[in-house]
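# Observations on chain architecture
The residues making up each chain are set out below.
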Amino acid sequence: MSSVALGGDDPPQTPPAPGGTNPPRPPSPLPQVIDELWERRTELSPADEQARAAVVGAVDAIDAGRARVAVIDPATGEVVVDERAKRAILLAFRILPMARSQVGDFRYDDRVPLTTRLDGVRVLPGAIVRWGAYVAPGTVLMPSFVNIGAYVDSGTMVDTWATVGSGAQIGKNVHLSGGAGIGGVLEPPNAVPVVVEDEAMVGSRCMVVGGARVRQGAFLGAGAILTPTTHVIDVETGAELPRGEAPPWSVCVGGTRPRTFPGGTFGMPCLLVLKRQPEGVRHDKSALNAILRDHGIDA
Ligand SMILES: CC(C)(COP(=O)(O)OP(=O)(O)OC[C@H]1O[C@@H](n2cnc3c(N)ncnc32)[C@H](O)[C@@H]1OP(=O)(O)O)[C@@H](O)C(=O)NCCC(=O)NCCS
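Residues numbered from 1 in each chain as written. Predicted model: local features only at pLDDT ≥ 70, side-chain atom pairs only at ≥ 80, totals over all residues. Heavy atoms only, no water.

## A closer look at the overall build of the protein
Along its length, the protein carries four helices and 26 strands. Relative to its full complement of 299 residues, the protein shows a buried share of 45%. Taking the contacts inside the protein whose residues are at least 6 apart along the sequence as the reference set, 43% of them involve residues at least 24 apart. Put simply, the protein shows about 14500 Å² of open surface, and 55% of that area lies on carbon and sulfur atoms. (Helix = DSSP H or I, 4+ residues; strand = E, 2+ residues; numbered from the N terminus. Buried < 20%, exposed > 50% of the residue type's maximum accessible area, 1.4 Å probe, protein only. Contact = heavy atoms within 4.5 Å. Areas by Shrake-Rupley, 256 points an atom, 1.4 Å probe, with all protein chains shown as cover.)

## Considerations on the pairing of strand β3 (residues 99–103)
Here five bridges tie β3 to strand β4 (residues 106–110), and the two strands are oriented antiparallel to one another. Considered in β4, the bridge of Val103 is made with Phe106. (Pairing = 2+ DSSP bridges.)

## A word on the side chain of Asp198
Residue placement: Asp198 occurs in the loop between β16 (195–196) and β17 (201–202). The side chain of Asp198 is buried and forms no salt bridge, while Lys172, the nearest opposite charge, is found at 5.9 Å. A distance of 2.8 Å separates the side chain of Asp198 from the backbone nitrogen of Lys172, its partner in a polar contact. (Lys, Arg positive; Asp, Glu negative; His and termini not counted. Salt bridge = Lys/Arg side-chain N within 4 Å of Asp/Glu carboxyl O. Polar contact = N/O pair within 3.5 Å; in protein donor to acceptor, adjacent residues only side chain to side chain.)

## Section: the side chain of Ser166
Locating Ser166 in the fold gives a position in the loop between β12 (163–164) and β13 (169–170). A relative accessible area of 9% means that Ser166 is categorised as buried. Excluding residues that lie within four positions of it along the chain, Ser166 makes contacts with Asn147, Ile148, Gly183, Gly184, Val185 and Leu186.

## A closer look at the packing of aromatic side chains
Here the structure, examined in full by the defined rule, presents three aromatic pairs. Ring plane angle 75° and centroid distance 5.2 Å describe the contact between Phe106 and Tyr108, whose orientation is recorded as edge-to-face. Residue Phe106 is classed as exposed on the basis of its relative accessible area, which comes to 52%. For Tyr108, a relative accessible area of 25% gives the class partly exposed. Plain terms: the ring middles of Tyr134 and Tyr151 are 4.8 Å apart, the flat faces sit at 40° to each other, and that makes the pair tilted. Taken together, the residues Tyr134 in strand β7 (residues 134–135) and Tyr151 in strand β10 (residues 151–152) connect sequence positions 17 residues apart. Of the two residues, Tyr134 and Tyr151, both sit in the buried class. (Phe/Tyr/Trp six-rings, centres within 6.5 Å; stacked < 30°, edge-to-face > 60°.)

## Notes on helix α3 (residues 83–95)
Between its first and last C-alpha, α3 extends 18 Å over 13 residues, near the 18 Å set by a 1.5 Å rise per residue. Of all the positions in α3, only Arg84, Ala85, Lys86, Ala88, Ile89, Leu90, Leu91, Ala92 and Ile95 are classed as buried. Turning to α3, the residues buried within the fold contact α1 (33–39), α2 (49–63) and β2 (79–81). Its side-chain oxygen 3.0 Å from the backbone nitrogen of Arg84, Asp82 forms the N-cap of α3. (Expected span 1.5 Å × (residues − 1).)

## Examining unusual backbone geometry
One non-glycine residue, Trp161, lies in the positive phi region at around 60°. Secondary-structure assignment places Trp161 in the loop between β11 (157–158) and β12. Note on Trp161: relative accessible area 55%, which makes it exposed. A positive phi is found at Arg205, a non-glycine position, where the angle reads about 60°.

## Brief notes about the site of the ligand
Around the ligand, the structure places 15 residues, and the nearest of them are Ser204, Ala222, Lys275, His283 and Lys285. For the ligand, an oxygen atom lies 2.7 Å from a polar atom in the side chain of His283. The residue makeup of the shell around the ligand, split by class, is five nonpolar, seven polar and three charged. (Near = heavy atom within 4 Å. Nonpolar A, V, L, I, M, F, W, Y, C, P; charged D, E, K, R; others polar.)

## Quick word on the pattern of salt bridges
One pass over the full model with this rule turns up 13 salt bridges. A salt bridge links Asp109 to Arg107; the nearest nitrogen and oxygen atoms lie 2.5 Å apart. Put simply, Glu199 and Arg282 hold a salt bridge, and the shortest N to O gap is 3.4 Å. In this pair, Glu199 is assigned in the loop between β16 and β17 and Arg282 in the loop between β26 (264–276) and α4 (290–293), connecting sequence segments 83 residues apart. By relative accessible area, which is 21% here, Glu199 ends up partly exposed. Take Arg282: its relative accessible area is 24%, and that puts it in the partly exposed class.

Read these as layout, nothing more, since geometry by itself doesn't imply function.
Next up, the structure:
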């Protein structure tokens, strides 16, 4: 997954005290005023014009892809969350008035309008992208839903009835198959968004939620469920792998593992890693017909 430059108006970070537990706060490209508004969020209303302008500016930066709810730190490979971006989005729900928008004869009433930045994106009727979500040129949106704060990178297809939840980060050349559900993450604070990395394939009706991570080139078989606490087991070795993560360039399916309770032994859901592909080689079933991807819109 590509990362955006981290910058902005924050003071330089101070490292945590030796032995201290406070992790360094990542800098945000969004202005500090968002944190100040967050502290007094209960007093805010759509009538506060200055506050509204600040929040709209911040969410618009996310809409334009200039700020993100999370990025992968290229140095550590860890997901770094911009809490300020999440705050700006939550503030938008408080501070934006209800407004009417119109698509053809169909009308919406909501606080968050639809995005207007879809240059270079092939969009079918029935697709919905809320303002505050960034969809890169070169993506294809079948009738699907992309929520505020999400980031969908180029070459990705969001297939029919797939949903990309708030704040979810989807990499390049990903296929989110029909009905796949990518969970959202705005609350609780400190929650980590779902990250689906470049070249991954998420099969039909999969559910990937709350901080789970699909690593680069991984293939999730239809119907797999991945939460941050899902056990992940390599069927070749029986090894327990890091929970909540589909390993890179692997083929995974939903399975069960036996667990004993006072009332008996039952099968609990888990993710089984069936195969490991060589790095850079996708499972042959993930090849999406070029005719479907080629969208003929200049990015
Ligand atoms: C996971 C998947 C890639 C495996 O394909 P494959 O490598 O050809 O492997 P197979 O189909 O031979 O399946 C291997 C084993 O896993 C099982 N299996 C396959 N897919 C499974 C799934 N989604 N969930 C659970 N088990 C699955 C098979 O029954 C088989 O078991 P067996 O060896 O005991 O017979 C494929 O089955 C799949 O789910 N593809 C996604 C399809 C999809 O969502 N397309 C999107 C269209 S919009």
